[in-house]
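# A closer look at the structure
Residue strings, one per chain:
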Amino acid sequence: MHRGIWFAFAIVALDMMAGSIVWPVIPDLLEELTGLARQDTVAYSTGLMIAYSSLQFLLGAFLGNLSDRFGRRPIVLAAMSLLAVDYLIMAFATELWMLFLGRFLAGAAGATFAVGFAIAADVAKPEQKAQAMGMVGAGFGLGFMIGPAIGGLIGEFLGPRAPFL
């Protein structure tokens, strides 16, 4: 299999891991920032999920088009840099709005799964396209499974801000 397909697999797995690593620690982080009891932070937690998911949905095709125009690598590098900024914001947030800003940035950067699929489509031979798309889809699922596990373990032992660092 072409190494570009493995690269696309890694991009999508990292994106999904980055997006989901925060889920287990968000309730604790919201308690810390708002001073509310966990059960009273549900609306904020839901809002953070919506912020992330909506930006990912809205910008997926846009990032795919940008990668067609400017190349896959610059878009992937910009997205990974944006994820790093998101993690810094989330790790050092002192106000609730900063968490929302971070989740918006992560959603915009996490939309690179479209670029990952485009890379796989670019490099796969016609007879391997289904296999390549399956590999990238597996990266999606793997990142989605591993992210919360990592976030939960790190958050449990090192605190709710540790997964971001």
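Bear in mind the structure is a predicted one, so any value in this text is a computation, not a measurement.

## Comments concerning a nonpolar patch on the surface
Where nonpolar side chains cluster on the molecular surface, the patch consists of Leu 88, Phe 92 and Leu 165 and spans about 370 Å² of accessible area. Inspection of the secondary structure puts Leu 165 in the segment after helix H7 (129–158).

## Notes on the side chain of Arg 103
As for its placement among the helices and strands, Arg 103 is situated in helix H5 (residues 96–110). Contact partners of Arg 103, with chain neighbours within four places excluded, come to Ala 18, Gly 19, Val 22, Leu 48, Ala 51, Tyr 52, Asp 86 and Met 90.

## Section: helix H6 (residues 113–123)
Buried within H6 are the following residues: Val 115, Gly 116, Ala 118, Ile 119 and Ala 120. The secondary structure elements touched by the buried residues of H6 are helix H1 (3–20), helix H3 (42–70), helix H4 (72–92) and H7.

## Remarks on the pattern of salt bridges
According to the stated counting rule, one finds six salt bridges in the structure shown. Asp 28 is the salt-bridge partner of Arg 38, the closest N and O atoms lying 2.0 Å from each other. Linking Arg 38 in the loop between helix H2 (26–34) and H3 with Asp 28 in helix H2, this pair joins segments that are 10 residues apart in sequence. Between Glu 31 and Arg 38 there is a salt bridge; the shortest N-O distance is 3.2 Å. Under the relative-accessibility criterion, Glu 31 is labelled partly exposed at 27%. Arg 38 sits in the partly exposed class, given a relative accessible area of 40%. Taken together, the shared-partner salt bridges connect Asp 28, Glu 31 and Arg 38 into one network.

## Details of the nonpolar core
For soluble globular proteins, nonpolar side chains are generally found buried alongside one another. Grouped together as the largest cluster of nonpolar side chains are 38 residues, with contacts concentrated most on Val 22, Ile 26, Leu 30, Tyr 87, Leu 99, Val 115 and Phe 164. Secondary-structure elements contributing two or more residues to this core are H1, H2, H3, H4, H5, H6 and H7.

## Let's talk about the packing of aromatic side chains
Within the structure shown, the criterion is met by four aromatic pairs. For the pair Phe 140 and Phe 144, a centre-to-centre distance of 6.2 Å together with 15 degrees between the ring planes defines the contact as stacked. Pair noted here: Phe 140 and Phe 144 are both in helix H7, with a separation of four residues, about one helical turn. Taking the relative accessible area as the measure of exposure, Phe 140 reaches 33% and is therefore partly exposed. Classification of Phe 144 as partly exposed rests on a relative accessible area of 41%. One aromatic cluster in this structure is built from Trp 23, Phe 140 and Phe 144.

## Brief notes about the packing of H1 against H5
The contact between H1 and H5 brings their axes to 10 Å, and the two run at 165 degrees. Viewed along their axes, H1 and H5 adopt a mutual orientation that is roughly antiparallel. As for the relative orientation of H1 and H5, their crossing is left-handed in sense. For the pair formed by H1 and H5, the contact residues are Asp 15, Met 16, Ala 18 and Gly 19 on the first element and Arg 103, Ala 109 and Gly 110 on the second. Counted by class, the contact of H1 with H5 contains three nonpolar, two polar and two charged residues.

## Describing the confidence of the model for the protein chain
Per-residue confidence for the protein chain gives a mean pLDDT of 90; residues scoring 70 or more make up 100%. Put simply, H6 is where the protein chain has its lowest mean pLDDT, 86, and H7 is where it has its highest, 94.

## A look at H3
Counting along an α-helix, one turn takes 3.6 residues, and residues three or four places apart therefore face a common direction. In this model H3 runs 40 Å from its N-terminal to its C-terminal C-alpha over 29 residues, within 8% of the 42 Å that 1.5 Å per residue would give. By the largest-angle criterion, Leu 59 marks the main kink of H3, which is about 45 degrees. Residues Ser 45, Leu 48, Ala 51, Tyr 52, Leu 55, Gln 56, Gly 60, Leu 63, Gly 64 and Ser 67 constitute the buried set of H3. Tucked into the core, H3 has its buried residues touching H1, H2, H4, H5 and H6. Where H3 ends, the next residue or the one after it, Gly 71, has phi of about 105 degrees, a positive value.

Rules of the game
Residues numbered from 1 in each chain as written. Predicted model: local features only at pLDDT ≥ 70, side-chain atom pairs only at ≥ 80, totals over all residues. Heavy atoms only, no water. Patch = residues over 30% accessible without salt bridge, like charges linked within 9 Å, V, L, I, M, F, W, Y side chains within 5 Å. Areas by Shrake-Rupley, 256 points an atom, 1.4 Å probe, with all protein chains shown as cover. Salt bridge = Lys/Arg side-chain N within 4 Å of Asp/Glu carboxyl O. Helix = DSSP H or I, 4+ residues; strand = E, 2+ residues; numbered from the N terminus. Contact = heavy atoms within 4.5 Å. Buried < 20%, exposed > 50% of the residue type's maximum accessible area, 1.4 Å probe, protein only. Core = buried A, V, L, I, M, F, W, Y, C linked by side-chain atoms within 4.5 Å. Phe/Tyr/Trp six-rings, centres within 6.5 Å; stacked < 30°, edge-to-face > 60°. Axes fitted to C-alpha atoms, helices over the stretch in contact; angles between N-to-C directions. Parallel < 35°, antiparallel > 145°, perpendicular 65-115°, else oblique. Left-handed = near helix turned anticlockwise from the far one by under 90°. Nonpolar A, V, L, I, M, F, W, Y, C, P; charged D, E, K, R; others polar. pLDDT = per-residue confidence, 0-100. Expected span 1.5 Å × (residues − 1). Bend = angle between axes of the 7 residues up to and from the residue.

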